[in-house]
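Architecture and fold: a report
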Amino acid sequence: DNVQQEGLTMEIIKCTESDADELARIVTETLQTAYDGILPPDLMDTGAIQQRKGHLTYYYQNALRQNWTESYLINFNGQNVGCFTFGLCRDPDCDGTTAEILSMHIIKGYRHKGLGSQSLDFIENELKRQGYNRALIWVLRNNVNPINFYIKNGFEPDGTCRSVVLGKNLLEQSYAKTLKLLVF
C-alpha cells in the first residue's frame, strides 16, 4: 500500500520471517525513546536493549513463520521507520470478532508526520477486510503520547486495566474502537 503526499512516499510492507531482525531493530530503537522515564533505567541500558532485540527477533521469526500475527514495516522515502503488528485478540474475554493491535512503533524523528494515522487507517481497513468488527490496544497508563494518539483516532478506554511487570509493576489500560463496515 503506497501513500504519497508532497513528494514524499510512505509504503506499508507486509513482513515475512526474513524481516524479523528489522522489526526487532525498529521496536528496540523506539522503546528507548517511547519508554524513557517510564521504565527503570536498568531496562533501558545498551546491554538490556541488545538482549531485548535478540528476544524480539526470535519472537518475530516464530510469529511470522507460524502466522500467529501479521506484521508490517512502515517505509518512508526508502527507509524503514516504523512497524506494527496485529492479530486475533489474546484477551480471554474477547470473542473472534475482536482484533488486537499488539504494537505500533515509529522512530522518534518520523513521528508527527501522519505516518501513524495512515498506518492506523491501513490496520483498520485490513481488520474490516478480515471480518473483525472491533480493535483493541493496550497502552501503559502513564504513556501519554500514545494515549492521546489513539483517542484522537477514535479509540476509547473500555474500562479494563491489567498489571504488567516491566522492571517494576505498571498498569496498562485497554482502548477499543468499533470498526464500522462500509456499506455500498
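This write-up is about the structure you can find in this document. Predicted model only: the values in this text are computed from it and were never measured.

1. Overview of the side chain of Q173
For Q173, the position within the fold is in strand β8 (residues 169–178). Of the polar contacts made by the side chain of Q173, one reaches the backbone oxygen of T160; its length is 3.4 Å. Sequence-distant contacts of Q173, defined by excluding residues within four places in its chain, comprise I137, W138, V139, R141, P157, D158, G159, T160 and C161.

2. Re helix α4 (residues 144–152)
Turning to α4, its buried residues are I147, F149 and Y150. Along the axis of α4, the buried residues cluster in a sector spanning 165°; they form a single face. Across α4 from its buried face, at more than 90 degrees, point the exposed residues N145 and K152. Where α4 is buried, its residues contact β5 (98–106), α3 (115–129), β6 (134–140) and β8. In the segment just after α4, G154 is the residue with positive phi, at about 90°.

3. A closer look at the state of the cysteines
By definition, a disulfide links the sulfur atoms of two cysteines through a covalent bond. Under the counting rule described, the total for this entry stands at 0 disulfides. Here C83 is not cross-linked by a disulfide; its sulfur's nearest cysteine counterpart is in C15, at 7.3 Å. On the basis of relative accessibility, which here comes to 0%, the residue C83 falls in the buried class. With no disulfide partner, C161 has as its closest neighbouring cysteine sulfur the one in C94, 15 Å distant.

4. Some remarks on the pairing of β6
Counting buried positions along β6 yields 6 of 7 residues, so the element is predominantly enclosed. When β5 meets β6, the two strands line up parallel, connected through 3 bridges. Residue pairing for β6: A99 is matched across the bridge by A135. As paired strands, β6 and β8 are joined by 7 bridges and run antiparallel to one another. Pairing of L140 across the sheet is with E172, part of β8.

5. Some points on the packing of α3 against α4
Interhelical geometry of α3 versus α4 gives an angle of 55° and a closest axis separation of 11 Å. The pairing of α3 with α4 is recorded here as oblique in orientation. Of the two elements, α3 crosses α4, and the hand of that crossing is right-handed. Of the residues in α4, those touching α3 at G116, S117 and L120 are F149, Y150 and K152.

6. Focus: the pairing of strand β7 (residues 156–165)
As paired elements, β7 and β8 share 7 bridges and run antiparallel to each other. For V164, the partnering residue across the bridge sits in β8 and is L170. The antiparallel pairing of β7 with β8 creates a hairpin that spans 3 residues between the two strands, and G167 there sits at a positive phi of about 80°.

7. Structural notes on the packing of helix α1 (residues 20–34) against helix α2 (residues 46–65)
Axes are the key here: two packed helices are described by the angle between their axes and the distance separating the axes. α2 packs onto α1 with a crossing angle of 140° between their chain directions and a minimal axis gap of 8 Å. The angle between the axes of α1 and α2 places the two elements in the oblique class. Of the two possible hands of crossing, α1 and α2 adopt the one that is right-handed. Only I49, R52, K53, L56, T57, Y60, Q61 and L64 of α2 make contact with α1, whose side of the interface consists of A20, D21, L23, A24, R25, V27, T28, L31 and Q32. Of the residues that constitute the contact of α1 with α2, the class distribution is 9 nonpolar, 4 polar and 4 charged.

8. Considering the pattern of salt bridges
Taken as a whole, this structure holds 10 salt bridges when the rule is applied. One salt bridge in this structure joins E17 and R65, with 2.9 Å as the shortest N-O distance. Taken together, the positions of E17 in the loop between β2 (8–14) and α1 and R65 in helix α2 put the pair 48 residues apart, joining distant regions of the chain. Accessibility expressed as a relative area gives 33% for E17, which makes it partly exposed. The exposure class of R65 is partly exposed, given its relative accessible area of 44%. Taken together, the salt bridges that share partners define one network made up of E22, R25 and E29.

How each quantity is defined
- Residues numbered from 1 in each chain as written.
- Predicted model: local features only at pLDDT ≥ 70, side-chain atom pairs only at ≥ 80, totals over all residues.
- Heavy atoms only, no water.
- Helix = DSSP H or I, 4+ residues; strand = E, 2+ residues; numbered from the N terminus.
- Polar contact = N/O pair within 3.5 Å; in protein donor to acceptor, adjacent residues only side chain to side chain.
- Contact = heavy atoms within 4.5 Å.
- Buried < 20%, exposed > 50% of the residue type's maximum accessible area, 1.4 Å probe, protein only.
- Arc of directions from axis to C-beta.
- Disulfide = S-S within 2.5 Å.
- Pairing = 2+ DSSP bridges.
- Axes fitted to C-alpha atoms, helices over the stretch in contact; angles between N-to-C directions.
- Parallel < 35°, antiparallel > 145°, perpendicular 65-115°, else oblique.
- Left-handed = near helix turned anticlockwise from the far one by under 90°.
- Nonpolar A, V, L, I, M, F, W, Y, C, P; charged D, E, K, R; others polar.
- Salt bridge = Lys/Arg side-chain N within 4 Å of Asp/Glu carboxyl O.

Function-wise, these values are silent; they only describe arrangement.
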